Amino acid sequence: MPAHFLLHCKNDTLLSTLLGVDLGSALATSVVQHAKIATRIAWQHFGKCAVLTAAGLATDAKRGFSMKVVIENTVCLNTGDAAILLAIRHILRSIAGDDVKFLVFDSQPDVAARLYPKKDYPDLEFHKLLAESLFRYQHGGGIKGRLKSIYNRGVLRALRRFARNGAASSFFFSQNDRRGLDAYASADLVVTTGGTYLVENYDLEKRLNQFRIDAILGKDPIFFTQSLGPFKKSYNRQELGPIFDRAPLILLRDERSRNHMLDLVKDPGKCHVVADAVFALADTDRIKKHLGSAPAPTGRVAISVRHWSFVSDGEDGMRRYLDSIREIATILVRDHGKEVTFVSTCQGVPEYAHDDARTARAIVAELDSEIAKHVSVDAAFHTPDQLMALVKGCDFVVATRMHMMIMSLCVGTPVLPIAYEFKTKEVAKHIGVADLLLDIDTVTPSEAAEKLGRFIDNLDRYRRASLQAVLEEHASAMSATSQLSPLVANRSPNVAGDVGKRGEQSLARLRHSKHEGQGEPVV
(Lines give C-alpha, C1' and ligand atoms only; values in the text may rest on other atoms or scores of the structure.)
Protein backbone atom coordinates (compact mmCIF):
# COMPACT_ATOMS: atom_id res chain seq x y z
CA MET A 1 0.00 0.00 0.00
CA PRO A 2 1.61 3.31 -1.04
CA ALA A 3 2.34 5.52 1.93
CA HIS A 4 0.47 8.48 0.46
CA PHE A 5 -2.71 6.32 0.41
CA LEU A 6 -2.63 6.40 4.21
CA LEU A 7 -3.32 10.12 3.97
CA HIS A 8 -6.83 9.25 2.92
CA CYS A 9 -7.44 6.46 5.45
CA LYS A 10 -9.16 8.59 8.05
CA ASN A 11 -11.96 6.04 8.52
CA ASP A 12 -10.94 3.62 11.32
CA THR A 13 -12.93 0.71 9.88
CA LEU A 14 -11.34 1.13 6.47
CA LEU A 15 -7.86 1.33 8.01
CA SER A 16 -8.59 -1.79 10.08
CA THR A 17 -9.71 -3.71 7.00
CA LEU A 18 -6.70 -2.62 4.96
CA LEU A 19 -4.22 -3.58 7.64
CA GLY A 20 -6.04 -6.71 8.79
CA VAL A 21 -5.94 -5.88 12.48
CA ASP A 22 -8.38 -5.17 15.29
CA LEU A 23 -8.13 -1.45 16.09
CA GLY A 24 -8.77 -2.24 19.73
CA SER A 25 -5.58 -4.25 20.02
CA ALA A 26 -2.09 -3.15 21.03
CA LEU A 27 -0.96 -4.30 17.59
CA ALA A 28 -3.28 -1.81 15.95
CA THR A 29 -1.96 1.01 18.12
CA SER A 30 1.54 0.24 16.93
CA VAL A 31 0.37 -0.05 13.33
CA VAL A 32 -1.23 3.36 13.51
CA GLN A 33 2.08 4.75 14.79
CA HIS A 34 3.68 3.35 11.63
CA ALA A 35 0.91 4.88 9.57
CA LYS A 36 1.78 8.27 11.03
CA ILE A 37 5.39 7.81 9.98
CA ALA A 38 4.29 6.78 6.51
CA THR A 39 2.04 9.82 6.30
CA ARG A 40 4.87 12.14 7.34
CA ILE A 41 7.15 10.62 4.71
CA ALA A 42 4.42 10.81 2.08
CA TRP A 43 3.99 14.53 2.61
CA GLN A 44 7.72 14.96 1.92
CA HIS A 45 7.88 12.55 -1.04
CA PHE A 46 4.38 12.42 -2.48
CA GLY A 47 4.30 10.20 -5.52
CA LYS A 48 8.02 9.35 -5.39
CA CYS A 49 9.51 6.53 -3.38
CA ALA A 50 7.90 6.55 0.08
CA VAL A 51 6.20 3.16 0.02
CA LEU A 52 5.22 1.11 3.06
CA THR A 53 3.22 -2.06 2.67
CA ALA A 54 0.46 -3.14 5.03
CA ALA A 55 2.42 -6.33 5.63
CA GLY A 56 5.50 -4.32 6.52
CA LEU A 57 3.52 -2.21 8.95
CA ALA A 58 2.07 -5.28 10.63
CA THR A 59 5.49 -6.97 10.84
CA ASP A 60 6.95 -3.94 12.59
CA ALA A 61 3.99 -3.82 14.94
CA LYS A 62 4.34 -7.48 15.92
CA ARG A 63 7.89 -6.93 17.10
CA GLY A 64 6.75 -4.17 19.43
CA PHE A 65 7.43 -1.04 17.43
CA SER A 66 10.05 1.32 18.52
CA MET A 67 12.22 2.26 15.59
CA LYS A 68 15.86 1.55 16.45
CA VAL A 69 18.73 3.54 15.01
CA VAL A 70 22.39 2.70 15.64
CA ILE A 71 24.68 5.73 15.66
CA GLU A 72 28.31 4.65 15.64
CA ASN A 73 31.74 6.24 15.94
CA THR A 74 30.63 8.87 18.45
CA VAL A 75 32.85 10.50 21.09
CA CYS A 76 30.19 12.08 23.30
CA LEU A 77 32.70 13.26 25.90
CA ASN A 78 33.30 15.99 23.33
CA THR A 79 30.27 18.33 23.50
CA GLY A 80 30.65 19.14 19.81
CA ASP A 81 30.32 15.44 18.98
CA ALA A 82 27.35 15.18 21.33
CA ALA A 83 25.74 18.12 19.54
CA ILE A 84 26.05 16.20 16.26
CA LEU A 85 24.37 13.20 17.92
CA LEU A 86 21.49 15.35 19.19
CA ALA A 87 21.16 16.97 15.76
CA ILE A 88 20.97 13.57 14.03
CA ARG A 89 18.34 12.60 16.59
CA HIS A 90 16.37 15.78 15.85
CA ILE A 91 16.53 15.27 12.08
CA LEU A 92 15.44 11.61 12.23
CA ARG A 93 12.65 12.40 14.67
CA SER A 94 11.34 14.99 12.23
CA ILE A 95 10.83 12.08 9.80
CA ALA A 96 9.87 9.16 12.04
CA GLY A 97 8.32 10.88 15.05
CA ASP A 98 9.38 10.65 18.67
CA ASP A 99 9.07 6.87 19.04
CA VAL A 100 12.68 6.20 18.08
CA LYS A 101 15.37 4.60 20.20
CA PHE A 102 18.98 5.57 19.51
CA LEU A 103 21.64 2.94 20.18
CA VAL A 104 24.80 5.00 20.49
CA PHE A 105 28.12 3.18 20.02
CA ASP A 106 30.72 5.37 21.68
CA SER A 107 34.39 5.11 22.59
CA GLN A 108 33.59 5.60 26.30
CA PRO A 109 29.93 4.64 26.79
CA ASP A 110 29.96 4.48 30.60
CA VAL A 111 31.14 8.07 30.86
CA ALA A 112 28.78 9.19 28.09
CA ALA A 113 25.86 7.59 29.95
CA ARG A 114 26.86 9.52 33.06
CA LEU A 115 26.99 12.81 31.16
CA TYR A 116 23.72 12.13 29.31
CA PRO A 117 21.63 10.19 31.88
CA LYS A 118 18.44 8.28 31.12
CA LYS A 119 16.29 10.68 33.14
CA ASP A 120 17.21 13.48 30.71
CA TYR A 121 17.75 11.43 27.55
CA PRO A 122 15.46 8.38 27.83
CA ASP A 123 15.79 7.53 24.12
CA LEU A 124 19.61 7.22 24.20
CA GLU A 125 21.25 3.89 25.02
CA PHE A 126 25.05 3.80 25.08
CA HIS A 127 27.22 0.86 23.99
CA LYS A 128 30.94 0.35 23.53
CA LEU A 129 32.04 0.86 19.94
CA LEU A 130 32.45 -2.70 18.67
CA ALA A 131 35.60 -2.00 16.67
CA GLU A 132 37.32 -0.91 19.89
CA SER A 133 35.86 -3.68 22.04
CA LEU A 134 36.32 -6.70 19.79
CA PHE A 135 39.71 -6.22 18.12
CA ARG A 136 43.24 -5.89 19.48
CA TYR A 137 45.41 -2.97 18.39
CA GLN A 138 48.89 -3.59 19.78
CA HIS A 139 51.21 -2.23 17.12
CA GLY A 140 54.51 -3.72 16.09
CA GLY A 141 55.77 -7.06 14.90
CA GLY A 142 57.15 -10.08 16.68
CA ILE A 143 55.11 -12.51 18.74
CA LYS A 144 52.64 -9.86 19.95
CA GLY A 145 51.89 -8.80 16.39
CA ARG A 146 51.31 -12.40 15.26
CA LEU A 147 49.08 -13.14 18.25
CA LYS A 148 47.05 -10.02 17.53
CA SER A 149 46.54 -11.16 13.95
CA ILE A 150 45.44 -14.66 15.02
CA TYR A 151 43.07 -13.25 17.63
CA ASN A 152 41.48 -10.81 15.18
CA ARG A 153 40.93 -13.55 12.58
CA GLY A 154 39.09 -15.51 15.28
CA VAL A 155 36.90 -12.50 16.00
CA LEU A 156 36.03 -12.22 12.31
CA ARG A 157 34.99 -15.88 12.16
CA ALA A 158 32.83 -15.43 15.27
CA LEU A 159 31.20 -12.34 13.75
CA ARG A 160 30.38 -14.22 10.57
CA ARG A 161 28.79 -17.03 12.60
CA PHE A 162 26.68 -14.45 14.39
CA ALA A 163 25.63 -12.93 11.06
CA ARG A 164 24.61 -16.35 9.71
CA ASN A 165 22.64 -17.71 12.65
CA GLY A 166 22.47 -15.05 15.37
CA ALA A 167 24.65 -17.08 17.74
CA ALA A 168 26.53 -14.55 19.86
CA SER A 169 28.00 -17.06 22.29
CA SER A 170 31.73 -17.05 21.68
CA PHE A 171 35.00 -16.92 23.55
CA PHE A 172 35.61 -13.65 21.72
CA PHE A 173 32.42 -11.86 22.87
CA SER A 174 31.93 -10.41 26.33
CA GLN A 175 28.45 -9.91 27.73
CA ASN A 176 28.55 -6.27 26.63
CA ASP A 177 29.72 -7.31 23.16
CA ARG A 178 26.74 -9.67 22.84
CA ARG A 179 24.44 -6.89 23.95
CA GLY A 180 25.96 -4.64 21.29
CA LEU A 181 25.65 -7.28 18.57
CA ASP A 182 22.01 -7.85 19.47
CA ALA A 183 21.47 -4.08 19.20
CA TYR A 184 22.88 -4.09 15.67
CA ALA A 185 20.77 -7.12 14.74
CA SER A 186 17.56 -5.34 15.78
CA ALA A 187 18.48 -1.94 14.31
CA ASP A 188 16.39 -0.46 11.51
CA LEU A 189 19.14 1.93 10.40
CA VAL A 190 22.84 2.37 11.06
CA VAL A 191 24.32 5.86 10.94
CA THR A 192 27.99 6.70 11.22
CA THR A 193 28.04 10.04 12.97
CA GLY A 194 29.04 13.30 11.37
CA GLY A 195 32.31 15.08 11.98
CA THR A 196 35.93 15.03 10.88
CA TYR A 197 37.35 11.60 11.63
CA LEU A 198 37.98 10.30 8.12
CA VAL A 199 41.06 12.39 7.39
CA GLU A 200 44.61 11.15 7.14
CA ASN A 201 45.88 13.21 10.06
CA TYR A 202 44.38 10.42 12.15
CA ASP A 203 44.76 6.65 12.37
CA LEU A 204 41.79 5.21 10.44
CA GLU A 205 42.22 1.57 11.51
CA LYS A 206 39.43 1.52 14.11
CA ARG A 207 37.03 3.32 11.77
CA LEU A 208 37.75 0.87 8.97
CA ASN A 209 37.25 -2.05 11.34
CA GLN A 210 33.88 -0.67 12.41
CA PHE A 211 32.79 -0.43 8.78
CA ARG A 212 33.95 -4.03 8.28
CA ILE A 213 31.77 -5.12 11.20
CA ASP A 214 28.86 -3.25 9.63
CA ALA A 215 29.41 -5.14 6.38
CA ILE A 216 29.50 -8.54 8.11
CA LEU A 217 26.24 -7.73 9.89
CA GLY A 218 24.61 -6.51 6.69
CA LYS A 219 24.22 -2.99 8.08
CA ASP A 220 25.71 -0.58 5.57
CA PRO A 221 25.88 2.79 7.35
CA ILE A 222 24.49 6.13 6.30
CA PHE A 223 27.34 8.65 6.46
CA PHE A 224 26.04 11.74 8.22
CA THR A 225 27.49 15.18 7.46
CA GLN A 226 31.24 14.68 7.10
CA SER A 227 34.33 16.65 6.30
CA LEU A 228 36.64 14.01 4.88
CA GLY A 229 39.72 13.40 2.79
CA PRO A 230 41.79 13.90 0.83
CA PHE A 231 42.84 10.24 0.78
CA LYS A 232 46.35 9.99 -0.61
CA LYS A 233 47.48 6.73 0.98
CA SER A 234 46.83 3.78 -1.33
CA TYR A 235 45.78 1.52 1.54
CA ASN A 236 43.09 3.93 2.71
CA ARG A 237 41.78 4.40 -0.82
CA GLN A 238 41.70 0.64 -1.37
CA GLU A 239 39.74 0.06 1.83
CA LEU A 240 37.37 3.02 1.76
CA GLY A 241 36.23 2.63 -1.85
CA PRO A 242 34.08 -0.49 -1.25
CA ILE A 243 32.75 0.96 2.02
CA PHE A 244 31.57 4.14 0.33
CA ASP A 245 30.10 2.11 -2.55
CA ARG A 246 28.01 0.05 -0.13
CA ALA A 247 26.73 3.08 1.80
CA PRO A 248 23.16 4.04 0.81
CA LEU A 249 23.73 7.76 1.46
CA ILE A 250 26.74 10.00 2.07
CA LEU A 251 26.16 13.51 3.45
CA LEU A 252 29.05 15.95 3.22
CA ARG A 253 29.60 19.36 4.81
CA ASP A 254 31.35 21.02 1.87
CA GLU A 255 32.13 20.77 -1.82
CA ARG A 256 35.77 20.13 -1.07
CA SER A 257 34.85 16.89 0.71
CA ARG A 258 32.56 15.91 -2.14
CA ASN A 259 35.42 16.42 -4.58
CA HIS A 260 37.53 14.07 -2.46
CA MET A 261 34.87 11.41 -3.05
CA LEU A 262 34.48 11.65 -6.81
CA ASP A 263 37.21 9.18 -7.75
CA LEU A 264 36.44 6.86 -4.82
CA VAL A 265 32.72 6.18 -5.19
CA LYS A 266 31.01 4.65 -8.21
CA ASP A 267 27.75 6.56 -7.67
CA PRO A 268 28.52 10.20 -6.79
CA GLY A 269 24.78 10.88 -7.03
CA LYS A 270 24.34 9.57 -3.50
CA CYS A 271 26.83 12.15 -2.15
CA HIS A 272 24.98 15.29 -1.07
CA VAL A 273 26.41 18.51 0.35
CA VAL A 274 24.33 19.89 3.21
CA ALA A 275 25.12 22.10 6.18
CA ASP A 276 26.65 20.66 9.34
CA ALA A 277 23.96 18.71 11.19
CA VAL A 278 24.23 20.91 14.29
CA PHE A 279 22.63 23.78 12.37
CA ALA A 280 19.43 21.71 12.64
CA LEU A 281 19.35 22.74 16.33
CA ALA A 282 19.11 26.46 15.48
CA ASP A 283 16.55 28.48 17.44
CA THR A 284 15.04 30.07 14.33
CA ASP A 285 12.50 32.16 16.26
CA ARG A 286 15.22 33.74 18.37
CA ILE A 287 17.40 34.34 15.31
CA LYS A 288 14.56 36.05 13.44
CA LYS A 289 13.91 38.23 16.47
CA HIS A 290 17.56 39.30 16.56
CA LEU A 291 17.45 40.04 12.85
CA GLY A 292 14.54 42.38 13.53
CA SER A 293 16.26 44.26 16.35
CA ALA A 294 19.72 43.81 17.83
CA PRO A 295 19.78 42.58 21.43
CA ALA A 296 20.97 44.93 24.16
CA PRO A 297 24.69 44.49 24.96
CA THR A 298 25.46 42.41 28.03
CA GLY A 299 29.15 43.25 28.31
CA ARG A 300 30.10 39.55 28.24
CA VAL A 301 32.21 37.70 25.67
CA ALA A 302 33.11 34.00 25.53
CA ILE A 303 36.34 32.64 24.06
CA SER A 304 36.91 29.01 23.01
CA VAL A 305 40.51 27.77 22.63
CA ARG A 306 42.22 24.45 22.08
CA HIS A 307 45.62 22.82 21.86
CA TRP A 308 46.44 21.76 18.29
CA SER A 309 49.22 19.25 17.67
CA PHE A 310 49.42 19.96 13.93
CA VAL A 311 49.92 23.74 14.02
CA SER A 312 52.61 25.07 11.69
CA ASP A 313 55.97 25.70 13.39
CA GLY A 314 55.10 23.35 16.26
CA GLU A 315 55.62 24.90 19.70
CA ASP A 316 56.47 28.28 18.19
CA GLY A 317 53.18 28.20 16.29
CA MET A 318 51.21 27.37 19.43
CA ARG A 319 52.97 30.19 21.29
CA ARG A 320 51.95 32.62 18.54
CA TYR A 321 48.34 31.41 18.78
CA LEU A 322 48.28 31.71 22.59
CA ASP A 323 49.77 35.21 22.41
CA SER A 324 47.11 36.19 19.86
CA ILE A 325 44.28 35.00 22.11
CA ARG A 326 45.88 36.82 25.04
CA GLU A 327 45.90 40.00 22.94
CA ILE A 328 42.21 39.55 22.13
CA ALA A 329 41.32 39.10 25.81
CA THR A 330 43.36 42.15 26.77
CA ILE A 331 41.71 44.39 24.17
CA LEU A 332 38.22 43.19 25.13
CA VAL A 333 38.76 44.13 28.79
CA ARG A 334 40.97 47.22 28.43
CA ASP A 335 39.37 48.93 25.45
CA HIS A 336 35.77 47.69 25.52
CA GLY A 337 35.06 46.98 29.18
CA LYS A 338 34.04 43.36 28.58
CA GLU A 339 33.94 40.50 31.05
CA VAL A 340 35.61 37.54 29.34
CA THR A 341 34.91 33.86 30.00
CA PHE A 342 36.94 31.03 28.51
CA VAL A 343 34.65 28.07 27.84
CA SER A 344 34.74 25.30 25.26
CA THR A 345 33.29 22.02 24.01
CA CYS A 346 36.11 19.79 25.27
CA GLN A 347 36.53 20.25 28.99
CA GLY A 348 35.42 19.14 32.43
CA VAL A 349 35.60 15.38 31.75
CA PRO A 350 38.63 13.76 33.46
CA GLU A 351 38.30 10.61 31.34
CA TYR A 352 38.64 12.54 28.07
CA ALA A 353 42.07 13.08 26.54
CA HIS A 354 41.41 16.74 25.72
CA ASP A 355 40.77 19.60 28.15
CA ASP A 356 40.61 23.04 26.58
CA ALA A 357 40.50 24.59 30.04
CA ARG A 358 44.21 23.76 30.42
CA THR A 359 45.00 25.87 27.37
CA ALA A 360 42.74 28.64 28.65
CA ARG A 361 44.47 28.69 32.04
CA ALA A 362 47.87 28.94 30.34
CA ILE A 363 46.63 32.04 28.49
CA VAL A 364 45.10 33.66 31.58
CA ALA A 365 48.20 32.95 33.69
CA GLU A 366 50.23 35.41 31.61
CA LEU A 367 47.65 38.20 31.47
CA ASP A 368 48.35 41.50 33.19
CA SER A 369 46.88 41.31 36.69
CA GLU A 370 44.44 44.19 36.09
CA ILE A 371 43.13 42.47 32.96
CA ALA A 372 42.98 39.06 34.64
CA LYS A 373 40.51 40.41 37.21
CA HIS A 374 37.90 40.53 34.44
CA VAL A 375 38.73 37.16 32.87
CA SER A 376 37.57 33.76 34.12
CA VAL A 377 37.92 30.15 33.04
CA ASP A 378 34.74 28.09 33.13
CA ALA A 379 36.29 24.62 33.26
CA ALA A 380 33.06 22.65 33.87
CA PHE A 381 31.48 20.17 31.50
CA HIS A 382 28.43 21.46 29.63
CA THR A 383 25.93 19.57 27.49
CA PRO A 384 25.05 21.18 24.14
CA ASP A 385 21.85 22.65 25.61
CA GLN A 386 23.75 24.07 28.59
CA LEU A 387 26.48 25.51 26.40
CA MET A 388 23.98 27.18 24.08
CA ALA A 389 22.12 28.62 27.08
CA LEU A 390 25.42 30.04 28.38
CA VAL A 391 26.39 31.84 25.15
CA LYS A 392 22.92 33.33 24.76
CA GLY A 393 24.06 35.90 27.31
CA CYS A 394 27.17 36.94 25.35
CA ASP A 395 27.58 39.86 22.96
CA PHE A 396 29.67 37.58 20.76
CA VAL A 397 31.99 34.56 20.88
CA VAL A 398 35.59 34.13 19.71
CA ALA A 399 35.65 30.44 18.74
CA THR A 400 38.43 28.05 17.85
CA ARG A 401 36.32 24.90 18.25
CA MET A 402 34.04 24.76 15.21
CA HIS A 403 31.03 23.41 17.07
CA MET A 404 31.41 26.12 19.69
CA MET A 405 31.04 28.45 16.73
CA ILE A 406 27.99 26.68 15.32
CA MET A 407 26.18 26.30 18.66
CA SER A 408 26.72 30.01 19.35
CA LEU A 409 25.27 30.92 15.97
CA CYS A 410 22.34 28.58 16.60
CA VAL A 411 21.17 30.81 19.46
CA GLY A 412 21.77 34.06 17.58
CA THR A 413 25.20 34.97 19.00
CA PRO A 414 27.70 36.21 16.36
CA VAL A 415 31.16 34.66 16.16
CA LEU A 416 34.71 35.68 15.30
CA PRO A 417 36.20 32.36 14.10
CA ILE A 418 39.69 30.87 14.37
CA ALA A 419 40.30 27.98 11.96
CA TYR A 420 42.51 24.97 12.65
CA GLU A 421 41.14 22.87 9.76
CA PHE A 422 39.45 23.69 6.47
CA LYS A 423 36.00 22.82 7.87
CA THR A 424 35.94 26.09 9.85
CA LYS A 425 37.00 28.07 6.79
CA GLU A 426 34.03 26.61 4.90
CA VAL A 427 31.58 27.62 7.64
CA ALA A 428 33.13 31.11 7.83
CA LYS A 429 32.51 31.58 4.10
CA HIS A 430 28.90 30.48 4.44
CA ILE A 431 28.11 32.86 7.30
CA GLY A 432 29.77 35.95 5.82
CA VAL A 433 32.84 36.36 8.04
CA ALA A 434 35.55 34.92 5.79
CA ASP A 435 37.30 38.31 5.69
CA LEU A 436 37.70 38.15 9.49
CA LEU A 437 38.83 34.54 9.75
CA LEU A 438 41.94 33.94 11.82
CA ASP A 439 44.05 30.91 10.88
CA ILE A 440 45.79 29.07 13.74
CA ASP A 441 48.76 28.38 11.43
CA THR A 442 49.46 32.05 10.68
CA VAL A 443 47.69 34.22 13.27
CA THR A 444 49.71 36.91 15.03
CA PRO A 445 48.73 39.26 17.88
CA SER A 446 48.66 42.25 15.52
CA GLU A 447 46.40 40.49 13.00
CA ALA A 448 44.12 39.30 15.81
CA ALA A 449 43.84 42.85 17.15
CA GLU A 450 43.08 44.31 13.72
CA LYS A 451 40.36 41.80 12.86
CA LEU A 452 38.81 41.97 16.32
CA GLY A 453 38.59 45.75 15.89
CA ARG A 454 36.85 45.44 12.53
CA PHE A 455 34.47 42.84 13.96
CA ILE A 456 33.45 45.01 16.92
CA ASP A 457 33.17 48.20 14.85
CA ASN A 458 30.82 46.47 12.39
CA LEU A 459 29.14 44.03 14.77
CA ASP A 460 25.57 44.77 13.69
CA ARG A 461 26.44 44.23 10.03
CA TYR A 462 28.26 40.97 10.71
CA ARG A 463 25.47 39.83 13.03
CA ARG A 464 22.82 40.35 10.37
CA ALA A 465 24.87 38.62 7.67
CA SER A 466 25.68 35.66 9.94
CA LEU A 467 22.20 35.15 11.32
CA GLN A 468 20.56 35.38 7.91
CA ALA A 469 23.05 32.72 6.77
CA VAL A 470 22.24 30.56 9.82
CA LEU A 471 18.60 30.41 8.73
CA GLU A 472 19.80 29.15 5.35
CA GLU A 473 22.19 26.66 6.98
CA HIS A 474 19.35 25.42 9.18
CA ALA A 475 17.20 24.81 6.10
CA SER A 476 20.12 23.05 4.43
CA ALA A 477 20.76 20.78 7.44
CA MET A 478 17.06 19.89 7.61
CA SER A 479 16.98 19.22 3.85
CA ALA A 480 18.77 15.94 4.63
CA THR A 481 15.29 14.62 5.45
CA SER A 482 14.55 14.39 1.72
CA GLN A 483 17.39 11.88 1.24
CA LEU A 484 16.77 10.09 4.55
CA SER A 485 13.01 9.61 4.27
CA PRO A 486 13.13 6.79 1.69
CA LEU A 487 15.71 4.97 3.81
CA VAL A 488 13.48 5.28 6.88
CA ALA A 489 10.58 3.97 4.81
CA ASN A 490 12.51 0.95 3.58
CA ARG A 491 14.29 0.11 6.82
CA SER A 492 14.83 -3.51 7.76
CA PRO A 493 15.98 -5.02 11.05
CA ASN A 494 17.12 -8.26 9.46
CA VAL A 495 20.76 -9.30 9.64
CA ALA A 496 22.16 -10.07 6.19
CA GLY A 497 24.69 -12.85 6.52
CA ASP A 498 25.99 -13.00 2.96
CA VAL A 499 27.95 -9.81 2.30
CA GLY A 500 29.23 -11.03 -1.04
CA LYS A 501 32.66 -11.82 -2.41
CA ARG A 502 33.90 -8.24 -2.50
CA GLY A 503 32.89 -7.65 1.09
CA GLU A 504 34.62 -10.84 2.27
CA GLN A 505 37.81 -9.93 0.45
CA SER A 506 37.85 -6.49 2.03
CA LEU A 507 37.23 -7.93 5.48
CA ALA A 508 40.09 -10.36 5.10
CA ARG A 509 42.54 -7.45 4.95
CA LEU A 510 41.97 -6.75 8.62
CA ARG A 511 44.99 -8.77 9.62
CA HIS A 512 47.22 -6.71 7.32
CA SER A 513 46.48 -3.24 8.74
CA LYS A 514 49.17 -0.72 7.80
CA HIS A 515 48.03 2.50 9.45
CA GLU A 516 50.12 5.18 11.03
CA GLY A 517 48.64 6.36 14.34
CA GLN A 518 48.67 10.14 14.53
CA GLY A 519 46.11 11.12 17.12
CA GLU A 520 42.44 11.06 18.03
CA PRO A 521 39.50 12.10 15.85
CA VAL A 522 37.97 15.52 16.32
CA VAL A 523 34.68 17.01 15.24
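Residues numbered from 1 in each chain as written. Predicted model: local features only at pLDDT ≥ 70, side-chain atom pairs only at ≥ 80, totals over all residues. Heavy atoms only, no water.

Moving on, we come to the overall build of the protein chain. Of the regular secondary structure elements, the protein chain holds 22 helices and 14 strands. Within the protein chain, the proportion of its 523 residues that are buried is 58%. The contacts of the protein chain with a sequence gap of at least 6 include a subset with a gap of at least 24, amounting to 73%. Accessible area for the protein chain stands at about 20800 Å²; split by element, carbon and sulfur atoms hold 51% of it. (Helix = DSSP H or I, 4+ residues; strand = E, 2+ residues; numbered from the N terminus. Buried < 20%, exposed > 50% of the residue type's maximum accessible area, 1.4 Å probe, protein only. Contact = heavy atoms within 4.5 Å. Areas by Shrake-Rupley, 256 points an atom, 1.4 Å probe, with all protein chains shown as cover.)

A few words on the environment of Thr 79. Structurally, the position occupied by Thr 79 is in helix H4 (residues 79-96). Taking the C-alpha atoms as reference points, Thr 79 and Leu 387, separated by 308 residues in sequence, lie 8.6 Å from one another. In contact with Thr 79, not counting residues within four places along its chain, are Tyr 116, Thr 345, Phe 381, His 382, Thr 383, Pro 384, Leu 387 and Met 407.

Attention shifts here to the side chain of Ser 149. Looking at where Ser 149 falls in the secondary structure, it is placed in helix H7 (residues 142-165). Note on Ser 149: relative accessible area 13%, which makes it buried. A distance of 2.8 Å separates a polar atom in the side chain of Ser 149 from a polar atom in the side chain of Arg 153. (Polar contact = N/O pair within 3.5 Å; in protein donor to acceptor, adjacent residues only side chain to side chain.)

Turning to unusual backbone geometry, a few remarks are in order. Along the chain, Gly 229 connects to Pro 230 via a cis peptide bond; the corresponding omega equals -5 degrees. If you trace the backbone, Pro 230 turns up in the loop between strand E6 (222-228) and helix H10 (234-246). Positive phi is not limited to glycine here, since Asn 73 has a value of about 70 degrees. Phi is positive for Asp 313, which is not a glycine, with a value near 70 degrees. Locating Asp 313 in the fold gives a position in the loop between strand E9 (300-304) and helix H13 (314-336). On the basis of relative accessible area, Asp 313 is assigned to the exposed category, the value being 56%.

Here the focus is the nonpolar core. Counting residues in each nonpolar core, the largest one holds 117 residues, and the members touching the most others are Ile 303 and Phe 342. For this core, the element with the highest residue contribution is H4, accounting for 11 residues. Sequence-distant contacts of Phe 342, that is, excluding residues within four places in its chain, are made with Ile 303, Val 305, Ile 325, Ala 329, Ala 360, Ile 363, Val 364, Val 375, Ser 376, Val 377 and Asp 378. In terms of nonpolar packing, the next biggest core, distinct from the first, is built from 27 residues, Leu 103, Ala 131, Phe 162 and Ala 163 among them. (Core = buried A, V, L, I, M, F, W, Y, C linked by side-chain atoms within 4.5 Å.)

Checked against the element boundaries, Arg 306 lands in the loop between E9 and H13. Its relative accessible area of 3% is what places Arg 306 among the buried residues. As a C-alpha pair, Arg 306 and Asp 355 span 49 residues in sequence and 7.9 Å in three-dimensional space.

Here strand E12 (residues 396-399) shows a buried face lined by Phe 396 and Val 398 and a second buried face lined by Val 397 and Ala 399. One crossover worth recording links E12 to the parallel strand E13 (residues 415-419) by way of helix H17 (residues 402-410), and it is right-handed. (Right-handed = clockwise from strand over helix to strand, strands pointing away.)

Averaged over every residue, the pLDDT of the protein chain is 85; residues scoring 70 or more account for 81%. Below pLDDT 50 for its whole length, residues 1-32 participates in 53 contacts with residues either more than four positions away or in separate chains. Contacts for the low-pLDDT stretch residues 494-523, under 50 throughout, to residues beyond four places or in other chains number 81 contacts. (pLDDT = per-residue confidence, 0-100.)

Before going further, it helps to spend a moment on a nonpolar patch on the surface. On the surface, Ile 143, Leu 147 and Ile 150 cluster together into a nonpolar patch covering about 310 Å² of accessible area. Structurally, the position occupied by Leu 147 is in helix H7. (Patch = residues over 30% accessible without salt bridge, like charges linked within 9 Å, V, L, I, M, F, W, Y side chains within 5 Å. Salt bridge = Lys/Arg side-chain N within 4 Å of Asp/Glu carboxyl O.)

What follows covers the sheet that holds strand E11 (residues 375-377). Here 6 strands make up an open sheet; going across it, the order is E11-E10-E9-E12-E13-E14 and the pairing parallel. The two strands at the open ends of the sheet, each matched to only one other strand, are E11 and strand E14 (438-439). Direction of pairing for E13 relative to E14: parallel, over a ladder of 2 bridges. Each residue of the ladder has a partner; that of Ile 418, found in E14, is Leu 438. On top of the sheet, helix H14 (residues 356-365) reaches strand E10 (339-342) and E11; it is set at about 155 degrees to E11, its chief contact. (Pairing = 2+ DSSP bridges. Axes fitted to C-alpha atoms, helices over the stretch in contact; angles between N-to-C directions.)

Applying the stated criterion across every chain yields a total of 13 aromatic pairs. Geometrically, the ring pair formed by Tyr 116 and Phe 381 is edge-to-face, given 6.0 Å between the ring centres and 85 degrees between the ring planes. One end of the pair, Tyr 116, is in the loop between helix H5 (109-115) and strand E3 (124-128); the other, Phe 381, is in the loop between E11 and helix H16 (384-391), with 265 residues separating them in the sequence. The exposure class of Tyr 116 is buried, given its relative accessible area of 3%. When the centroid spacing of 6.0 Å and the interplanar angle of 40 degrees are considered together, the rings of Phe 455 and Tyr 462 count as tilted. (Phe/Tyr/Trp six-rings, centres within 6.5 Å; stacked < 30°, edge-to-face > 60°.)

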